[in-house]
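A look at the structure
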Amino acid sequence: MDDYRLNILKKSSTEINRLQLLSVFFDDEVIYKIFLRSQVIHQLFANNEELEIDKLDLFHVQFTESVIALLRKIKKSNEKNVSLIYDEIDLNDELITKISGSVVNQQQFSLDKQKQSLKINQSLRRLFAVLSDLSTDFPFSKNINVFSSRYANDFYFDLNTKQLSTLIDFSAKQVYSNINAIIERKLMGLLCKYDFRTQFAFGLKAGELVIEVYQFLDIDKHFLFFPSRNLFLFCDLSILNGIEKENNLSEKERIVQEMEYKNDRLKSNAAMLKVAIPAEIVALLEDSYIKISDINFLNHLNNFDVQSNILKAMLKTDLF
């Protein structure tokens, strides 16, 4: 076999290897079929020295090189777009890490709710005693406001100022009051009846103002504690219609959860985008495969320049 023929066969093998790599990258059926058909054509010339080797070279010049150039352009465009997606994912990951580091632990919140309930129950017992004795002693447990200051931003639910005003509205005839606290008369009576057995239910916030809502353990009744005025009133839950109170995630935990879901979706999109081929290109490649699979393909090889020109024209489009 002469050197000229060997060089063309070697060049042909190189082109087919490039096509194989692209077929693996895109994992697309039509590209793989074109690769296999190109191998068959190469082997046909390799096994039959009587065939004009220049036709094999012409096949690659007119077809394979254009297909490879087109697929490489799509690959480069896809990788650029995928890179932008992963830049967004990286930024989201940094933010997730930053937020996660400051998220108050849900388990700790649950434990501190129990401690706060105990403080409130003890404070209410003492408040009953000082009101009964007409004393001016301070009835509240130490650091009773620390709970809200720690957890309000993450765990308390937002309400508007109108709802806040409605919740804390009362008349002087309704309450017992002294220098340290104000409590609804009927609420105090119910607390005494049920031995001050209550627990923290949920928290509310309107700007910097917070409300702690408690529920009786033995009956379906709720009351609020408004720390800014040391105020205790029955709480009408119907005023809170529209406020989601069942979500146990803190605000920051919800943000982290949403961003993690978004990143999963972005990664899935990136995986699909990486190997995406425009439908017009797929249709063109399928048409090309049909043409090179024709048993009389080699007899019409000199007329294959039309298909080649279509492939080359696609390289100049902005489809990708």
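Described in the following lines is the structure provided in the data block. (Residues numbered from 1 in each chain as written. Predicted model: local features only at pLDDT ≥ 70, side-chain atom pairs only at ≥ 80, totals over all residues. Heavy atoms only, no water.)

**Side note on the sheet that holds strand S5 (residues 209–216)**
Each strand in a sheet pairs with its neighbour through backbone hydrogen bonds, running either in the same direction (parallel) or in the opposite one (antiparallel). A sheet is described by the order of its strands in space; here seven strands give the open sequence S1-S4-S5-S6-S7-S3-S2, paired in mixed fashion. Either end of the sheet is taken by a strand with one partner, and the two such strands are strand S1 (157–158) and strand S2 (175–177). Of the pairings in the sheet, the one linking strand S6 (residues 222–226) to strand S7 (residues 231–234) comprises four bridges and is antiparallel in character. Within S7, the residue paired with Phe223 across the bridge is Phe234. Helix-sheet contacts for helix H4 (residues 106–132) involve S2, strand S3 (182–184), strand S4 (198–206), S5, S6 and S7, and the interaxial angle to S4 is about 100°. The strands touched by helix H5 (residues 146–155) are S1, S4 and S5; relative to S5, the strand with the most contacts, the crossing angle is about 95°. (Pairing = 2+ DSSP bridges. Helix = DSSP H or I, 4+ residues; strand = E, 2+ residues; numbered from the N terminus. Contact = heavy atoms within 4.5 Å. Axes fitted to C-alpha atoms, helices over the stretch in contact; angles between N-to-C directions.)

**Structural notes on the packing of aromatic side chains**
Under the counting rule described, the total for this entry stands at 20 aromatic pairs. Pairing Tyr214 with Phe223 gives two aromatic rings, centres 5.6 Å apart and planes at 20°, and the pair type is stacked. Grouping residues by exposure puts Tyr214 and Phe223 together as buried. Aromatic ring contacts, followed pair by pair, group Phe109, Phe147, Tyr151, Phe155, Tyr156, Tyr194, Phe200, Tyr214, Phe216 and Phe223 into a single cluster. (Phe/Tyr/Trp six-rings, centres within 6.5 Å; stacked < 30°, edge-to-face > 60°. Buried < 20%, exposed > 50% of the residue type's maximum accessible area, 1.4 Å probe, protein only.)

**Re the pattern of salt bridges**
Per the counting criterion, the structure on display carries ten salt bridges. Residue Asp57 is joined to Lys11 by a salt bridge in which the shortest nitrogen-to-oxygen separation is 3.3 Å. Taken together, the positions of Asp57 in helix H3 (residues 53–100) and Lys11 in helix H1 (residues 3–26) put the pair 46 residues apart, joining distant regions of the chain. Under the relative-accessibility criterion, Lys11 is labelled partly exposed at 36%. Bridged by salt links that share partners, the residues Asp112, Lys115 and Arg150 form one connected network. (Salt bridge = Lys/Arg side-chain N within 4 Å of Asp/Glu carboxyl O.)

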